[in-house]
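Breakdown of the fold
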Amino acid sequence: MTDAVAEKSQDRPVETGSDSAVSVSLRNAVKRYGDVTAVDHLDLEAKQGQFLTLLGPSGCGKTTTLRLIGGFEELDEGRVRVAGQDVTRIPPYRRPVTTVFQQYALFPHLSVRKNIEYGLKHGGLNRKEIDSRVTEMMGLMEIPEMGDRRPRQLSGGQQQRVALARALVMKPPVLLLDEPLGSLDYKLRKGMQFELKRIHREVGATFVYVTHDQEEAMTMSDRIIVMRDGQIEQDGRPKEIFDAPKTSFVADFIGDTNLVDGTVTDSRDGFVTVDLGALGRVRGTSEAGLASGERARVSIRPTDVRVIATKGQGAVVTDAVLAGTHIAMKIKAGENEVTAHVPRGSSPSPGETVLLEVESERVRVFEAESE
Amino acid sequence: MTELIPTSELPDSSDPDHLVKRSRGGFFLGAPVFLWMGLFFAIPYLLLFLQSFWEPTAFGVARDWSLDNYREVLGASQLAGDIYLPTLFKSIKIGAMVTAFSTALAFPLAYLLAFKVKRSRNRMLLYTLVVVPLWASYLLRAYAWKVILGQNGLFASMLSILGLENTFLSDLLYSEAAIVIAMTQIFTPFMVLTIYAVLERLPQNLIEASKDLGVGRLSTFRRVVLPLSLPGVVAGATFTMGLSSGDFVAPMLVGGESDVMIANQIYSQFGATNNWPLGSAIAFVLLAFVAILVWISTVAEKREQI
Ligand SMILES: Nc1ncnc2c1ncn2[C@@H]1O[C@H](COP(=O)(O)OP(=O)(O)OP(=O)(O)O)[C@@H](O)[C@H]1O
Ligand SMILES: [Mg+2]
């Protein structure tokens, strides 16, 4: 793709795989640390130019997965391919991927400029080309006047930009980013998300991005892989994952949701009816193939709940707080508590009796979790 | 009742007086140290320094100020001839060799300890093996080397048993080489510790970042590990240089002659020869040389960091 990377990869046989559009792939990858299986028979595939996000709770194996692709950990089983080549046994310095590390990992003894040009010096470029590339990259990152400073003389956000510049200047076909915005404050993070998206469009490289912030994953990714205990829980477009989570774990992890357990009373045409006890019966979509009598877990998004004031029996509003643009309301019915986000204004107040309504298409029904 | 403090009376951090007040607390905290250092370090040094300008007499010292002692040390005096400067240079040369050899031995060992020994049990074992010699007193280690390399020592008798007395191997006996070997062994553990201390703190992800950017093992070592471990190397080397070029016990025990090192000559001025002013002057010339070397290495290290 570019000269520096061509240098980096020149002594490797170039296979033209059957599908050249696949940029990164892990096949049946396993990585164990003692008793812990950090990555557990994982299959993953990123298309050329895709913005792929690995999302999941702390300790689910996101960093380990990236390190397997980057070459910092050896696989116990399985294979890694990058840009059409099997790199399973190839050391990190000969893999055509570049990493933006969680803690930036800038060289403290080198100036910003020297940090950015660090990898280019081995790429067979002459001084003039290196200088012009570094200058261009510093412009792109909006840090043009900081070249002579040391990393410790920069703010967190500026260090972040230097780390990005140092990786991007290599023009790698694949960029790995491990929670690169994790230590920035909210506003800066929002700004950098936007920047990263723009950079991704401009350079056209494959981005494999790690985060545990679902909102960040939703706004930035072309595709999200939700991980849990070293395995893939769901793989899909952000909208699919939000609207059609395959498991209650995903539903819970992506955005707020109410998870309520109950018993299936009816199942037909992809719709399942579940008895939720005091909350009554609810109908929802399901791919779990549940039969009558089985335990099930129902996911209802707070934004999908309609709250209707009623006289007589029903659920009781226990709490209502103004949360910016909506009112977050807690409603109790028997053992169960449900959160609803309702528009400001018309809503019932705490102590009132209400009925809850939700559209069947918006309700998801899963197998009950055995815990 | 609460009293409002007018803002003008609040301590202002940009006000230099405020800083002075703060550091006064530090002064009192540090007072015992200052007292200790003053009594046992600064005052003796000052006395020696003054004495180096005085005249020796048959029974002691006459307080007549002159530069005669320094003239003698630097070889400008007709009377004594040029004996001290060559010895001084030889001591510094031996010190430099000891420093170079112990750095060369200590760096790979510290590197191994910090990066290559993955199991913490093995690391503890190796670490302890390095540190154990430091538990024995310096004198003991020097004497051990006398037993090995000194007159009628192990090495000498082995050579005579094997009939190798007159080969190049016998050059190792009672020579500069013997001194360098003994002192290198004595100072290497110390160098290992100072270098290990910096290597251990070197963030692993810097090495990974370097490799990630396409830089191989050797270049990563040269461009990241070495520059970042330099402070430890310089600290250890400075210490070793100062201590070994000013040493006189180990050289006396294994070197055969009694005046190989400049410190032996200082020692004899304060002992047998009983010329304290001259001894003081030699000591200060040595101190000046070592101070210059330390200064050069510190400046060089700073330069390297840029
Ligand atoms: N070097 C290691 N030695 C032993 N166990 C490890 C090591 N690295 C990771 N693990 C374990 O592997 C599992 C996955 O770790 P990993 O760092 O990949 O999680 P993660 O998804 O990146 O988490 P986070 O969001 O907190 O960064 C964890 O249980 C962790 O304790
Ligand atoms: Mg991580």
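Residues numbered from 1 in each chain as written. Chains lettered and ligands numbered in written order. Predicted model: local features only at pLDDT ≥ 70, side-chain atom pairs only at ≥ 80, totals over all residues. Heavy atoms only, no water.

So, on to the environment of A:Lys311. All names here are of chain A. Take Lys311: it is sitting in the loop between strand S15 (306–309) and strand S16 (315–323). Relative accessible area serves as the criterion here: at 78%, Lys311 is assigned to the exposed category. C-alpha separation for the pair Lys311 and Leu355, spaced 44 residues apart in sequence, amounts to 9.4 Å. (Helix = DSSP H or I, 4+ residues; strand = E, 2+ residues; numbered from the N terminus. Buried < 20%, exposed > 50% of the residue type's maximum accessible area, 1.4 Å probe, protein only.)

With that settled, consider the nonpolar core. Ranked by size, the top nonpolar core spans 64 residues in total, and within it A:Ile116 and A:Phe207 carry the most contacts. When sequence neighbours within four positions are dropped, the list of residues in contact with A:Phe207 reads A:Gln50, A:Phe51, A:Leu52, A:Leu168, A:Leu175, A:Leu177, A:Leu196, A:Ile199 and A:His200. (Core = buried A, V, L, I, M, F, W, Y, C linked by side-chain atoms within 4.5 Å. Contact = heavy atoms within 4.5 Å.)

Contact residues are listed per partner, giving 22 residues for chain A and 20 residues for chain B. Taken over both partners, the interface formed by chain A and chain B buries close to 2,000 Å², and the fraction arising from carbon and sulfur atoms is 60%. Contact with chain B buries surface across chain A, with A:Tyr93, A:His109 and A:Tyr118 losing the most and accounting together for 37% of the total. The partner of A:Arg67 in a salt bridge is B:Glu208, with the nearest N and O atoms 2.8 Å apart. (Buried area = accessible area lost by both parts, 1.4 Å probe. Salt bridge = Lys/Arg side-chain N within 4 Å of Asp/Glu carboxyl O.)

Residues and elements named next belong to chain A. Per the domain assignment, the segments making up chain A are domain 1 (13–248) and domain 2 (256–367). Once you take the C-alpha centre of each, domain 1 and domain 2 turn out to be 39 Å apart. On the side of domain 2, 7 residues touch domain 1, which itself brings 7 residues to the contact. In this assembly, domain 1 packs against domain 2 so that about 660 Å² is buried in total across both faces, 52% of it on carbon and sulfur atoms. Ranking the residues of domain 1 by area buried against domain 2 places Phe242, Pro245 and Ser248 at the top, with a combined share of 66%. The interface formed by domain 1 and domain 2 holds 0 salt bridges in total. Joining domain 1 to domain 2, the criterion identifies 2 residue pairs in polar contact (both at pLDDT 80 or more). Looking at the side of domain 1 that touches domain 2 residue by residue, the class counts come to 3 nonpolar, 2 polar and 2 charged. (Domains from an automatic or database assignment. Polar contact = N/O pair within 3.5 Å; in protein donor to acceptor, adjacent residues only side chain to side chain. Nonpolar A, V, L, I, M, F, W, Y, C, P; charged D, E, K, R; others polar.)

For the rest of this paragraph, the subject is the environment of B:Glu165. Residue and element names in this part refer to chain B. You can see Glu165 is positioned in the loop between helix H6 (154–162) and helix H7 (176–201). The exposure class assigned to Glu165 is partly exposed, which follows from its relative accessible area of 38%. In contact with Glu165, not counting residues within four places along its chain, are Leu159, Ser160 and Ser170.

Bringing the site of ligand 1 into the picture now. Residues and elements named next belong to chain A. For ligand 1, the full set of nearby residues is Tyr33, Val36, Ala38, Ser58, Gly59, Cys60, Gly61, Lys62, Thr63, Thr64, Glu179 and His212. Between ligand 1 and Glu179 there is a distance of 3.4 Å, counted from an oxygen atom to a side-chain nitrogen or oxygen. Out of a free accessible area of 640 Å², ligand 1 has 61% covered by protein chains. The biggest single contributor to the shell around ligand 1 is helix H2 (residues 62–70), with 3 residues. Here the shell around ligand 1 is composed, by residue class, of 4 nonpolar, 6 polar and 2 charged. (Near = heavy atom within 4 Å. Areas by Shrake-Rupley, 256 points an atom, 1.4 Å probe, with all protein chains shown as cover.)

On to a nonpolar patch on the surface, then. Residue and element names in this part refer to chain B. Where nonpolar side chains cluster on the molecular surface, the patch consists of Val33, Leu35, Trp36, Met37, Leu39, Phe40, Phe41, Ile43, Tyr45, Leu47 and Leu287 and spans about 1,200 Å² of accessible area. At 10 residues, helix H1 (residues 16–51) tops the list of elements feeding residues into the nonpolar patch. Mapped onto the secondary structure, Tyr45 falls in helix H1. (Patch = residues over 30% accessible without salt bridge, like charges linked within 9 Å, V, L, I, M, F, W, Y side chains within 5 Å.)

Residues and elements named next belong to chain B. One can describe the packing of helix H8 (residues 204–212) onto helix H9 (residues 217–245) by two numbers: an axis separation of 10 Å at closest approach and a directional angle of 145 degrees. For the pair H8 and H9, the crossing hand works out as right-handed. Contact with H8, carried on its side by Leu206, Ile207, Ser210 and Lys211, involves Arg217, Thr220, Val224, Val225 and Leu228 of H9 and no other residues of that element. Along the lines of polarity and charge, the residues of the contact of H8 with H9 split into 5 nonpolar, 2 polar and 2 charged. (Axes fitted to C-alpha atoms, helices over the stretch in contact; angles between N-to-C directions. Left-handed = near helix turned anticlockwise from the far one by under 90°.)

In low-pLDDT regions, the fine details of the predicted coordinates are not to be read closely. All names here are of chain B. Across chain B, the average pLDDT comes to 82, with 88% of residues at or above 70. Mean pLDDT values over the elements of chain B span from 77, in H1, up to 93, in H8. Counted against residues more than four places away or in other chains, residues 1–20, with its pLDDT under 50, gives 4 contacts. (pLDDT = per-residue confidence, 0-100.)

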